[in-house]
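Reading the structure
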Amino acid sequence: MGTEDYTFPEGAEQPHRGLHTVEAPQPQPFLKSLQYAVKETLFPDDPFRQFKNQKTSKKIVLGLKYFLPICEWAPRYNLKFLKSDLIAGITIASLAIPQGISYAKLANLPPILGLYSSFVPPLVYAVLGSSRDLAVGTVAVASLLTGAMLSKEVDAEKDPKLYLHLAFTATFFAGVLEASLGIFRLGFIVDFLSHATIVGFMGGAATVVSLQQLKGIFGLKHFTDATDVISVMRSVFSQTHQWRWESGVLGCGFLFFLFSTKYFSTKKPKFFWVAAMAPLTSVILGSLLVYFTHAEKHGVQVIGNLKKGLNPISVNDLVFTSPYMSTAIKTGLITGVIALAEGIAVGRSFAMFKNYNIDGNKEMIAFGMMNIVGSLTSCYLTTGPFSRSAVNYNAGCKTAVSNIVMAIAVMFTLLFLTPLFHYTPLVVLSSIIMVAMLGLIDYQAAIHLWKVDKFDFLVCMSAYFGVVFGSVEIGLVVAVAISIARLLLFVSRPRTAMKGNIPNSMIYRNTEQYPYSRTVPGLLILEIDAPIYFANAGYLRERITRWIDEEEERVKASGESSLQYIILDMSAVGNIDTSGISMMEEIKKVIDRRALKLVLANPKGEVVKKLTRSNFIGEHLGKEWMFLTVGEAVEACSYMLHTLKAEPASQKESWNNV
């Protein structure tokens, strides 16, 4: 509704005829609109388009490939891929075995569970997962969370059987949550854990976990269950009389060895396998040293007997009765979200390096199913740890077969080699965990956040200090709360700005961003940078009114032409609700009382549709006061301003009634 629709006073010359009209979208049946909204919300990638116009047999094949990614790449598998995956699988197995044992101890679980969890879940992921590089296994942060949350209800030493059953149950609920998010395509919930939140949370958890390993380094038998740094350090230094120098010397020696190999591999990337093999090498050397020196009789604690054989079935061990079921659910939900966020982030990172895409929803289903199956086969929570996946990537893996190779290597270990771990010193496991955790403290990412976005840095530090000085749960809650508060702030306080003309063009931009842009005499051009909802309608009403007040004061002080038109650039307003429409009506009344005219530029289809249905356009604004671009709105308003200057008073009165 451009100037062609104006009711011009008799004898008035019409402005330029090149203006375009703003069209309202064609009305759609309710069910069709609802179907479109659901599709765009839950299926933005339209996964079913590949099934259109296909024969039934083809649809079955496509369905198998979609739901079982192994059916997509398996037919193309060859010996060249097998060679690469075999090397990668054996390499990550050498890392998975010592890490699995170490992280199980971190969760206050029997060490053998770390090996169980590196056997069954990788096999499930190889069938259902879409990432070629992700190496499945237990992770330190989820292990710490599991141990910290379950220990509040059950003492792992006094009632190890109940504690173990709760760990299986928590893993089951974590899997149900992850699979449900994928099936119902609700993965956006995980996005509330922003990058800044994850960086701070992981750094804080890594700090706490590293300090807790001082228990193993110094050979302490009694230690605090608290995870905050003050309690941990108090527990360490209040028992100086119980420090074992033998354990301390071993710990320092293995820390030096592990850090040296890690530094060497960082400087010489083609020797990545040196750092990857270092943990297993440490376990072997530590076990041999203890065996030949009988160090276990001199204060060096060892793992002891590990049960030989494959994973026992644990279906009957799940706890679905009060009073512990609520604890298992709470632990499962929190650890499940954390593990899911980490696994998907790691998978996407390596997919980007190799230029392929992974389906986030299919990954959630894969993670969920491997944890559900894992909980039924004596495994605890697993995901895609960064360290193991990085080794898998650097080893040249081609497909998820590397996970199968790793699982076979772990199976062989469970069947034949577990007795060899009897003399493995706990101080070696503590050293392995400490080195792995210090790699998760990403101080460079924190510095980057400070440079780019101070608020994100605040979120990061809140998560970090919440974990370090409070607890893992407190740090997570604080970080998520601040992130949501920021989201609400963005929604409730959208940016508005005054626009000016870029010289010698029809382009209009923010006057703060482009100081050389020029305001148009008699016109105030404002842009709104967000949808108009109930949450921000009141703020926008007050902010627009303030813009008008400030412009009128400026015009009065400078002696320029009086303000006549308020042009709202609606380019970024993708939607509007009833509260937003009421706000527009109030703004229109405020502008009318000041003898000004409201003009809309480039309103979107959904906005035009709702403004039309509410009769705002027909009864309040008028179709003739909507334009396709800011440039056309300025052209029409400027024309009428020039026309008014040349008309007598009676004609001006007629124009004011247009």
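Residues numbered from 1 in each chain as written. Predicted model: local features only at pLDDT ≥ 70, side-chain atom pairs only at ≥ 80, totals over all residues. Heavy atoms only, no water.

**Here we look at the sheet that holds strand S3 (residues 523-528)**
A sheet is described by the order of its strands in space; here 6 strands give the open sequence S2-S1-S3-S4-S5-S6, paired in mixed fashion. Single-partner strands in this sheet number two, and they are strand S2 (508-510) and strand S6 (626-627). (Pairing = 2+ DSSP bridges. Helix = DSSP H or I, 4+ residues; strand = E, 2+ residues; numbered from the N terminus.)

**Quick word on the domain arrangement of the chain**
For the chain, the assigned domains read domain 1 (78-303 + 320-485) and domain 2 (494-641). Between the C-alpha centres of domain 1 and domain 2 the distance comes to 54 Å. (Domains from an automatic or database assignment.)

**Some remarks on unusual backbone geometry**
For Arg185, which is not glycine, the phi torsion reads 55° and is therefore positive. Along the polypeptide, Arg185 turns up in the loop between helix H8 (160-183) and helix H9 (195-212). Even without a glycine there, the phi angle at Asn504 is positive, about 60°. Structurally, Asn504 can be placed in the loop between strand S1 (496-501) and S2. Classification of Asn504 by relative accessible area gives exposed; the value is 85%. (Buried < 20%, exposed > 50% of the residue type's maximum accessible area, 1.4 Å probe, protein only.)

**Quick word on the environment of Val136**
By the element assignment, Val136 lies in the loop between helix H6 (120-128) and helix H7 (140-151). For Val136 and Val124, which are 12 residues apart along the polypeptide, the C-alpha to C-alpha distance reads 9.7 Å. In this view, Val136 contacts Pro121, Pro122, Tyr125, Met370, Thr382, Thr383, Pro385, Arg388, Asn403 and Met406; residues no more than four positions away in its chain are not counted. (Contact = heavy atoms within 4.5 Å.)

**Section: the packing of aromatic side chains**
Under the counting rule described, the total for this entry stands at 23 aromatic pairs. Aromatic side chains Phe173 and Phe320 sit 5.9 Å apart centroid to centroid with 90° between the ring planes, which places their arrangement in the edge-to-face category. Remark: Phe320 occurs in the loop between helix H13 (272-293) and helix H14 (325-353) and Phe173 occurs in helix H8; sequence separation between them is 147 residues. Accessibility expressed as a relative area gives 15% for Phe173, which makes it buried. Residue class for Phe320 comes out partly exposed when judged on its relative accessible area of 41%. Ring plane angle 40° and centroid distance 5.6 Å describe the contact between Phe264 and Phe271, whose orientation is recorded as tilted. Given a relative accessible area of 36%, Phe264 falls into the partly exposed group. Over the ring of Tyr66 we find Lys362; its NZ or CZ atom is 4.5 Å from the centre of that ring. (Phe/Tyr/Trp six-rings, centres within 6.5 Å; stacked < 30°, edge-to-face > 60°. Lys NZ or Arg CZ within 6 Å of the ring centre and 35° of its normal.)

**Concerning the confidence of the model for the chain**
Looking at the chain as a whole, its pLDDT mean stands at 87, while 95% of the residues score no less than 70. Under a pLDDT of 50 for its full length, residues 1-17 has, in the predicted model, 39 contacts with residues more than four places off or in other chains. (pLDDT = per-residue confidence, 0-100.)

**Some details on the packing of H6 against helix H15 (residues 360-375)**
Across the interface, H6 lies against H15 with an axial gap of 9 Å and an inter-helix angle of 150°. In terms of their interaxial angle, H6 and H15 are classed as roughly antiparallel. The hand of the H6/H15 crossing is right-handed. Residues Val120, Pro121, Val124, Tyr125 and Leu128 of H6 form the contact with H15, whose participating residues are Lys362, Glu363, Ala366, Phe367, Met369, Met370 and Val373. In terms of residue class, the contact of H6 with H15 is made up of 10 nonpolar, no polar and 2 charged. (Axes fitted to C-alpha atoms, helices over the stretch in contact; angles between N-to-C directions. Parallel < 35°, antiparallel > 145°, perpendicular 65-115°, else oblique. Left-handed = near helix turned anticlockwise from the far one by under 90°. Nonpolar A, V, L, I, M, F, W, Y, C, P; charged D, E, K, R; others polar.)

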